[in-house]
Amino acid sequence: MSHASSKQQPTTVASLLKKKAAGERISMVTCYDSAFGRIVEASPVDMVLVGDSLGNVLLGYDSTIPVTMDDMIHHTAAVTRVVKRPFVAVDMPFLTYTNCDDAIKNAGRLIQEGGAHGVKLEGGAAICPQVRALVAAGIPVIGHLGLTPQSVHALSGYKVQAKEQEAQIKLAADARALQDAGAFCIVLEMIPASVAQVVTKGLSVPTIGIGAGVACDGQVLVMHDLLGFDTTFNPKFLKKYANLNKIIGDALEAYDREVKTGVFPDPEHSFGD
Ligand code: KIV
């Protein structure tokens, strides 16, 4: 079943910049495998992020820090086997872009082996040399400012960022530096809505917010969060569009009951002679 118009064109860097210029909003969702990838492909969502949040969501880590290049390539390849229309961006894992050579080598693997269309890096002016090198090598780059989860220890936890004026000025300067270095899009995570609004207005590239208010050019949420997998994860910015925890739990209970009472498999689900 397709929820998207069959005429929908693939999302590209050019079409995303056009959306910004036209004031059209952009939707992005994380995706880590082909099962969800097929559903996203059939939806109208513009962009997919193979986020290193897969460390928390799929692999059971308590941060994104342990996630490796091999983890990201494995999951990105699963997504890009089926996702063809949305733009597929992939997170570069912790410490895989500390210099330009590493950034190009590792981003190159994510594009060549994973099939991604672009990469996302956390950080501002400090990583602009890497952004410039990647863009010069023909790799589209998304920046990520505000709460940058790979720096969770340096930031002393998952907290709203840029609350003070000094940090707000730095964030705006970082965003401009990323744009000037060639980033075509910038994720803004967990910052005051008013700060995201000012930053968004000052850029010609789109901002994609998560916990950054409605003035961003687009929004991103973690797939499993918006579908309500985890009843214990309820940050203020998260809106749950489904309660899959309950739907899956109820289905498993029914299955268990029918197996144990001999109701399943019935003749309809059994082979005759
Ligand atoms: O890893 C991720 O899923 C992300 C988004 C939350 C922006 O970086």
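Check the entry above for the structure.
Report follows, based on the coordinates. Since we're looking at a predicted model, the values are computed, not measured. (Residues numbered from 1 in each chain as written. Predicted model: local features only at pLDDT ≥ 70, side-chain atom pairs only at ≥ 80, totals over all residues. Heavy atoms only, no water.)

For the pair helix H6 (residues 128-136) and helix H7 (residues 165-181), the least separation of the axes is 8 Å and the interaxial angle reads 25 degrees. The pairing of H6 with H7 is recorded here as roughly parallel in orientation. Judged by the twist between their axes, the crossing of H6 over H7 is right-handed. When H6 is examined against H7, the residues Cys128, Val131, Arg132 and Val135 are found in contact with a partner set consisting of Ala177, Leu178 and Ala181. In terms of residue class, the contact of H6 with H7 is built from 6 nonpolar, no polar and 1 charged. (Axes fitted to C-alpha atoms, helices over the stretch in contact; angles between N-to-C directions. Helix = DSSP H or I, 4+ residues; strand = E, 2+ residues; numbered from the N terminus. Parallel < 35°, antiparallel > 145°, perpendicular 65-115°, else oblique. Left-handed = near helix turned anticlockwise from the far one by under 90°. Contact = heavy atoms within 4.5 Å. Nonpolar A, V, L, I, M, F, W, Y, C, P; charged D, E, K, R; others polar.)

Bringing the environment of Ala167 into the picture now. Its location among the elements puts Ala167 in helix H7. Given the relative accessible area of 34%, Ala167 is considered partly exposed. A sequence separation of 78 residues divides Ala167 from Ala89, and the C-alpha atoms of the two residues are 27 Å apart. (Buried < 20%, exposed > 50% of the residue type's maximum accessible area, 1.4 Å probe, protein only.)

Taken in spatial order, the 8 strands close into a barrel running S1-S2-S3-S4-S5-S6-S7-S8, and their pairing is parallel. On average, each strand axis in the sheet is inclined to that of its neighbour by 25 degrees, with strand direction left out of account. Where strand S1 (residues 26-30) lies against strand S2 (residues 47-50), 3 bridges are found, and the strand directions are parallel. Along S2, the bridge assignment pairs Thr30 with Leu49. Against the sheet, helix H5 (residues 100-112) touches strand S3 (87-91) and strand S4 (118-122), its axis set at about 140 degrees to S4. (Pairing = 2+ DSSP bridges.)

Most of S3 sits inside the fold, with 5 of its 5 residues counted as buried. Of the two faces of S3, both are covered, the one formed by Phe87, Ala89 and Asp91 as well as the one formed by Val88 and Val90. By the bridge criterion, 4 bridges tie S2 to S3 in an arrangement that is parallel. For Leu49, the partnering residue across the bridge sits in S3 and is Ala89. Pairing analysis gives 3 bridges linking S3 to S4, with the strands arranged parallel. Bridge pairing links Asp91 to Lys120 in S4. Taken together, S3, H5 and S4 form a β-α-β motif whose crossover is right-handed. (Right-handed = clockwise from strand over helix to strand, strands pointing away.)

Before going further, it helps to spend a moment on the environment of Leu252. Residue placement: Leu252 occurs in helix H10 (residues 244-260). C-alpha separation for the pair Leu252 and Asp266, spaced 14 residues apart in sequence, amounts to 17 Å.

So, on to the nonpolar core. Grouped together as the largest cluster of nonpolar side chains are 71 residues, with contacts concentrated most on Met47, Val119, Leu121, Leu134 and Leu188. By residue number, the principal contributor to this core is H7, which donates 6 residues. Once you skip the residues sitting within four places of it in the chain, Leu188 turns out to touch Leu145, Leu171, Ala196, Val199, Thr200, Thr207, Ile208, Gly209, Ile210, Ala212 and Cys216. (Core = buried A, V, L, I, M, F, W, Y, C linked by side-chain atoms within 4.5 Å.)

As a further point, take unusual backbone geometry. A cis amide bond links Phe264 to the next residue, Pro265, at an omega of 0 degrees. Secondary-structure assignment places Pro265 in the segment after H10. Non-glycine residue Leu95 carries a positive phi angle of around 65 degrees. Structurally, Leu95 is set in the loop between S3 and H5. Looking at Leu95, the relative accessible area reads 53%, which means it is exposed. Even without glycine at this site, Ala162 takes up a positive phi of about 55 degrees. Checked against the element boundaries, Ala162 lands in the loop between strand S5 (141-146) and H7. Ala162 gets classed as buried once you look at its relative accessible area, which sits at 7%.

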